[in-house]
Amino acid sequence: MSDSRVRVWDLPLRLFHVLLLICVAVALVTAQLGGNWMTWHVRAGASTVGLLLFRAIWGFVGPRYARFHTFLYPPRQVLACLKPGVHASMRHAGHNPAGAVSVFAMLLVLLAESVSGLFSSDAIATEGALVRFGSDAAVSTATSLHVALQWAVYALIALHLLAIFGRLLLKREDLIRPMLSGDKYGIDAEPAMDTPMVRGIGLALASLLIAGSIWLLT
Amino acid sequence: MRVVNRRRRTLACLSFTALVCWTVQTAAEGAQGKAIRARQSAYHVMGHQMGLINAVIKGDLPFDKASLKLRAQTVDLVGRLVGENFPTGSDKGETKAKPNVWKDAQRFKELAVASQAETAKLLAAADKGELDDIKSAYGSASKSCKSCHDEFKAK
């Protein structure tokens, strides 16, 4: 393995990832706990909306590997990526084709889960910020969807972990460290732009969207 | 002539039977529908008042001891009566009550009694008027709602 080090994940993207993990974990746990924890469930959900809005924008204007079009692969490549015995030469700087599918699935499911939550009522004392704009039937449907989709979230988290540790154990590729440090080693690729300017814009945008979501949706 | 009479008699008998069946069925459906509406309205009132108590706890509504107590009283009182509205057969219709409400009636009753103990504590806390106590009592009460919903209410 060569010493070449390439910045792949910019700081705003890594922060997005960690914060999304925290918000989803808080939302899943507090939903089970109920009671006064539901206040935190609503906060976590609203923050998730803000984070997903940031990710949506970052997917068009962010650095190279954060952009959606750089990890839109045809199905053929996704399947090829899943075959056993693919070697290091097939490593991708950004998301690999199979990982890309799981990223899109995760973002879409979390979007559906957090938006349905805004129209959901637990029929106890907590309801989403937009319940007042929905009919009873719509709220009932949204609530059913919100409850059912949690299983999709659990499934995607399991798949995520399975893929990360499968990659680590079977193909000796560590995907965790790059997602924390931002760098991949021994790969020949254009680096992602992670300058103070990019960071500043990303962090300002993310803060604004999260604060706005919490303000409007809790 | 005779044949015609017999036919008429048969027709009359059938019509009468149909009328009786229809009346009994409609009455039964009406009674069950009323029970379903009664319990849903009761739960709706409880949920609405719990939501307003929660809003006071979160600071979205101003703290007013008298109205908070009235809300806690309402939740406690309505919660004591809501259990009457689950007659046998009212699992059919526009209801989210799961069949185990009737199959496991003892467990359902157990959770209802547990909930009533919690709403009584909420009322006691509201009566004293300490917001911290109200918050923790509210937390326990809403958890007892949830534990019953988790087992007996379709989502």
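Look a little higher up for the structure.
Parameters and conventions
Residues numbered from 1 in each chain as written. Chains lettered and ligands numbered in written order. Predicted model: local features only at pLDDT ≥ 70, side-chain atom pairs only at ≥ 80, totals over all residues. Heavy atoms only, no water. Helix = DSSP H or I, 4+ residues; strand = E, 2+ residues; numbered from the N terminus. Rg over C-alpha atoms; globule rule 2.2 N^0.38 Å. Buried < 20%, exposed > 50% of the residue type's maximum accessible area, 1.4 Å probe, protein only. Contact = heavy atoms within 4.5 Å. Axes fitted to C-alpha atoms, helices over the stretch in contact; angles between N-to-C directions. Nonpolar A, V, L, I, M, F, W, Y, C, P; charged D, E, K, R; others polar. 1 Å grid on protein atoms, 1.4 Å probe; cavity = no way out; pocket = protein on both sides within 12 Å on 5 of 7 lines; lining within 4 Å. Points joined across faces, edges and corners; volume = space filled by probe spheres on them. Salt bridge = Lys/Arg side-chain N within 4 Å of Asp/Glu carboxyl O. Buried area = accessible area lost by both parts, 1.4 Å probe. Polar contact = N/O pair within 3.5 Å; in protein donor to acceptor, adjacent residues only side chain to side chain. Core = buried A, V, L, I, M, F, W, Y, C linked by side-chain atoms within 4.5 Å. Phe/Tyr/Trp six-rings, centres within 6.5 Å; stacked < 30°, edge-to-face > 60°.

When you go through chain A residue by residue, the secondary structure sums to seven helices and two strands. Ordered by position in the sequence, the α and β elements of chain A form the string β-α-α-α-α-α-α-β-α. Taken against the 2.2 N^0.38 rule, which gives 17 Å for 218 residues, the C-alpha radius of gyration of chain A at 19 Å falls within 12% of a compact globule. Structurally, chain A occupies a C-alpha span of about 60 × 40 × 30 Å along its principal axes. With 218 residues in all, chain A has 43% of them scored as buried. The long-range share in chain A, meaning contacts at least 24 apart out of those at least 6 apart in sequence, stands at 74%.

As a further point, take unusual backbone geometry. If a residue is not glycine, its phi is most likely negative; likewise, a peptide bond is most likely trans. Non-glycine residue A123 of chain A carries a positive phi angle of around 60 degrees. Considering the arrangement of structural elements, one finds A123 of chain A in the loop between α4 (97-118) and α5 (136-170).

Bringing the packing of helix α1 (residues 11-33) of chain A against helix α7 (residues 196-217) of chain A into the picture now. Residues and elements named next belong to chain A. Here α1 crosses α7 at 30 degrees, and the two axes come no closer than 8 Å. Contacts from L11, P12, R14, L15 and L19 of α1 reach α7 at V198, R199, G202, L203 and I210. A per-class count over the contact of α1 with α7 returns seven nonpolar, one polar and two charged.

Vacant regions in the atomic arrangement are exposed by a probe of water-molecule size rolled over the atoms. All names here are of chain A. If you add up the space inside the second largest pocket, you get close to 1300 Å³. What lines the second largest pocket is a set of 39 residues, among which S102, H160, L161, A163 and I164 lie closest to the centre. Counting residues per element, the ones that place at least two in the lining of the second largest pocket are α1, α3 (75-82), α4, α5 and α6 (176-181). Counting residues per element, the lining of the second largest pocket draws most heavily on α5, which supplies eleven residues. When its residues are assigned to classes, the lining of the second largest pocket shows 27 nonpolar, eight polar and four charged.

Considering all chains together, one arrives at 16 salt bridges over all chains under this definition. R80 of chain B serves as the salt-bridge partner of D76 of chain B, at 2.9 Å between the closest nitrogen and oxygen. You can see D76 of chain B and its partner R80 of chain B sitting in helix α2 (residues 65-81), four residues apart, about one turn around the helix. Take R80 of chain B: its relative accessible area is 39%, and that puts it in the partly exposed class. A salt bridge links K121 of chain B to E118 of chain B, with the shortest nitrogen-to-oxygen separation between them at 3.8 Å. Here K121 of chain B pairs with E118 of chain B, and both are found in helix α4 (residues 105-128), just three residues apart, close to one helical turn. Residue classification places E118 of chain B among the buried positions, given a relative accessible area of 19%. Salt bridges sharing partners connect three or more residues here, namely R5, R7, R14, D183, D194 and R199 of chain A.

Looking now at the interface of chain A and chain B. With 16 residues of chain A in contact, the opposing surface of chain B contributes 18 residues. Between chain A and chain B, the buried area comes to about 1300 Å², and carbon and sulfur atoms account for 56% of it. If you sort the residues of chain A by the area they bury against chain B, N36, I124 and A125 of chain A come out on top, with a joint share of 45%. Between the two partners, chain A and chain B, sit zero salt bridges. Joining chain A to chain B, the criterion identifies five residue pairs in polar contact (both at pLDDT 80 or more). Residue assignment for the side of chain A that touches chain B shows that the elements contributing at least two residues are α1 and α5 of chain A. Looking at side-chain class alone, the side of chain A that touches chain B contains seven nonpolar, eight polar and one charged residues.

This part is about the environment of R8 of chain B. Tracing the backbone shows R8 of chain B in helix α1 (residues 2-58). Sequence separation between R8 of chain B and Q106 of chain B is 98 residues; the distance between their C-alpha atoms is 52 Å.

Residues and elements named next belong to chain B. Along the chain, E29 falls in helix α1. Since its relative accessible area comes to 49%, E29 is described here as partly exposed. Through-space distance from the C-alpha of E29 to that of S90 is 8.4 Å; in sequence the pair is 61 residues apart.

Ranked by internal contacts, the top residues of the largest apolar core, which has 33 residues, are L20 and L110 of chain A. Elements that contribute at least two residues to this core include exactly α1, α2 (38-61), α4, α5 and α7 of chain A. Residues in contact with L20 of chain A, not counting those within four places in the same chain, are T48, L51, L52 and L110 of chain A. By size, the runner-up hydrophobic cluster in this structure holds 22 residues, among which are A72, L123, Y138 and A141 of chain B.

Looking now at the side chain of T39 of chain A. For T39 of chain A, the position within the fold is in helix α2. Assessed through its relative accessible area of 16%, T39 of chain A is described here as buried. With sequence-adjacent residues up to four places away left out, T39 of chain A is seen in contact with N54 and K58 of chain B.

This part covers the packing of aromatic side chains. Residues and elements named next belong to chain A. One pass over the full model with this rule turns up eleven aromatic pairs over all chains. Measuring from ring centre to ring centre gives 6.0 Å for F68 and F71, while their planes differ by 75 degrees; the resulting arrangement is edge-to-face. Taken individually, F68 and F71 each receive the classification buried, so the pair is uniform in this respect. Note on W151 and Y154: the rings are 5.5 Å apart at their centroids and 45 degrees apart in plane angle, and the pair reads as tilted. Taken together, the residues W151 and Y154, both in helix α5 and three residues apart, mark about one turn of the helix.

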